Amino acid sequence: MTTPPHTAGEGAELLPVATAARTRAALRTLVRPDRGLALTGIGVLVAATVVGLLVQPLLGRIVDIVADGRPAGDLTLPVVLLIAVAAVQGVTTTFGLTRVARLGETVLARLREQFVERALNLPADRLERAGSGDLTARVTGDVARVTEAVRSALPEMARSVLAIGLTLGALALLDVRFLLAALLAVPVQLLTARWYVRRAVTLYADQRVANGAQQQQLLETIGGAVTVRGHRLEERHTERGADRSRKAVDLTMRSVNLVLGFYGRLHIAEYIGLAAVLIAGCWLVRDGAVSIGTATAAALYFHSLFGPVNAALVLLDDAQSAAAGLARLVGVTDLAEQPEPKPGKPEAAGRPEPGRLEPAGKPEPGRREPDGEPLPGEPEPAGKATPGKAVPASVPRQRVASPEAAVSVHAVSHAYGPGRPVLHEVSLTLAPGEHVALVGASGAGKSTLARIVAGVQQPTAGTVTGPTAGTVTAPAGPGGPSVVLVTQEVHVFTGTLADDLRLARPDATDDDLRAALATVDALDWAAALPDGLATVVGEGGHRLDAARAQQLALARLVLADPALAVLDEATAEAGSAGARALERSAGAALTGRTALVVAHRLTQAVAADRVVVLEAGRVVESGPHEMLRDADGPYAALWRAWSGSRAAPHP
């Protein structure tokens, strides 16, 4: 269960935050696989604490020996025992804290893995509404806060709680009246803790939300700096950033004042408790009920509680902050979880296995554009490797489409929010091996439909069946997905070129990688890199231009070997010459696959088996390029507008 999402102003709907009950349940789930490790660590820490409690009685024994005027030799045994206690406590404490730390790191690693996995599968429309700033704040600030708490606060909290409980028990063994005197500090400490927790939970949650909103505003302003300056919006965006920064600073100062008040109340409790124990000791020694050494041990016991009690209560600060961060992380993991389809009911476009969201290139399955050498509509075989280069059989040159790779979209509608419809009852069928181009003006819904067909985004209504929905078991490469989405955003992962390619197929050999690169006409430049496949690319490595980065992603598509490929305007990032090369690469990568192509250039529509025209979220035309071009409809108008400046001969 999660709380309703916060709004970060100006329409941004931040990601939800899990409730306290849901956060506790998630924490139990994370710890459950390592219960044995937890019990071992706590058990050893209990033993270490018990051994450490022998220090005060031994010191009290020394006081009694001195007070009674006994020989100096009588001090030998207590001193030796003190040394032994220190050694045993040190060893057991180290071992126990090591076990607790290992538990914390294991749980932390599990949390990180789950968060990253779920964050990568967030519904695209939900992430767009929240913006990247909120998710970034959770990935950085909240994960860091939880990490800090696990690494420092968790071991210290475990040790402190054990020390408090066992020390109070030791006071009772000396004399129950010492325990009663010490407990006079408890009401003040409990009231202090209650006062703090009631304020801290809400305050730290609000602080996290404010930090996320601040980061989101900064990312939007910096990312759109050119547009902001072009429209003279600097002052407005500066004021928005300043307003959100003021809110974050105000909440930070409130948390500082809260902590100062917390410490002040704790000091009062310490004075009350210590004074009560000393008064009780004087009274009991005067009545002969206890010795001076016992009274000394009692006072030392209570004094030794200052550290653990303060640490435990102070760690509430870290615990509350970490709990707020954990609730935000759990909110993301819960949001990413999708319910299982219910038998007998149509399920909105299901997810792939899971579908891969990759950067890269654009297809043109075999035909050439009107401003190039051949005329539009002239066929050209796709999938050719670089002449003279052998292609291993592990990556077939001519893939044969499976009959099970058909896709059916029925009455799919989608809206990104109330009153914001994007698609209206779209129905579409892709035959096995068919290449369909989506054409339309900006905002017509092409990319939305592509993401739905790929299974990356769930529609508001309607169904999708085929590889993307999981209703058909479509063949793919070994361990690969049944559908791959390739978008216009280009990203080269940091690492060697071979590692980057093997993201799509971890067990691929070097020959497989070279064959995939050859398929998309990228082997020549890849072989020319300083270290070939071992060249480090990405951040801090060899820089690849946009066209090569897109070819790299197309090579990953070839390695993944999906039955269905969805390409979304990848050639938009390349110039005219680069786009032609990428279209040839994409055409080769798509050979033998069912493909849905969001066409940025109408040469892609020429090359497709069928063209589907979208207007305002509705299908208005569908058919081969030649038929639609001659029909004098919306597509013919688009074709004339696009090809007019190119003086292209009419096929």
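So, how was this worked out
Residues numbered from 1 in each chain as written. Predicted model: local features only at pLDDT ≥ 70, side-chain atom pairs only at ≥ 80, totals over all residues. Heavy atoms only, no water. Core = buried A, V, L, I, M, F, W, Y, C linked by side-chain atoms within 4.5 Å. Buried < 20%, exposed > 50% of the residue type's maximum accessible area, 1.4 Å probe, protein only. Helix = DSSP H or I, 4+ residues; strand = E, 2+ residues; numbered from the N terminus. Contact = heavy atoms within 4.5 Å. Patch = residues over 30% accessible without salt bridge, like charges linked within 9 Å, V, L, I, M, F, W, Y side chains within 5 Å. Areas by Shrake-Rupley, 256 points an atom, 1.4 Å probe, with all protein chains shown as cover. Salt bridge = Lys/Arg side-chain N within 4 Å of Asp/Glu carboxyl O. Pairing = 2+ DSSP bridges.

A. Looking closely at the nonpolar core. Core analysis: the biggest nonpolar cluster contains 37 residues, and L171, F178, Y196, Y204, V277, F302 and L313 have the highest contact counts within it. Going through the elements one at a time, helix 6 (132-174), helix 7 (176-182), helix 8 (186-223), helix 10 (234-286), helix 11 (292-304) and helix 12 (306-336) are the ones with two or more residues in this core. By residue number, the principal contributor to this core is helix 10, which donates eleven residues. With near-sequence residues (within four places) excluded, L313 lies in contact with Q189, A193, F262 and L266.

B. Quick peek at a nonpolar patch on the surface. Taken together, the side chains of V249, M253, V256 and L260 make up a nonpolar region of the molecular surface, amounting to roughly 370 Å² of accessible area. Summarising the element assignment, M253 is placed in helix 10.

C. Examining the pairing of strand 13 (residues 610-615) more closely. In terms of residue burial, strand 13 counts as a mostly covered element, since five of its six residues are buried. Of the pairings in the sheet, the one linking strand 6 (residues 435-439) to strand 13 comprises four bridges and is parallel in character. Within the sheet, the bridge partner assigned to A437 lies in strand 13 and is V611. Here strand 13 pairs with strand 14 (residues 618-623) via five bridges, running antiparallel. Along strand 14, the bridge assignment pairs V612 with S622. The turn linking strand 13 back onto strand 14 is made up of two residues, and A616 within it adopts a positive phi angle of 50°.

D. A look at unusual backbone geometry. Although it is not a glycine, A411 adopts a positive phi angle of roughly 50°. Among the secondary structure elements, A411 is positioned in strand 4 (residues 407-415).

E. Focus on the pairing of strand 5 (residues 421-430). For strand 4 and strand 5, the ladder comprises six bridges, and the chain directions are antiparallel. Note that in strand 5 the partner of V407 across the bridge is L430. With antiparallel pairing between neighbouring strands as the criterion, strand 4 and strand 5 make up a hairpin whose turn holds five residues, including G419 at a positive phi of roughly 75°.

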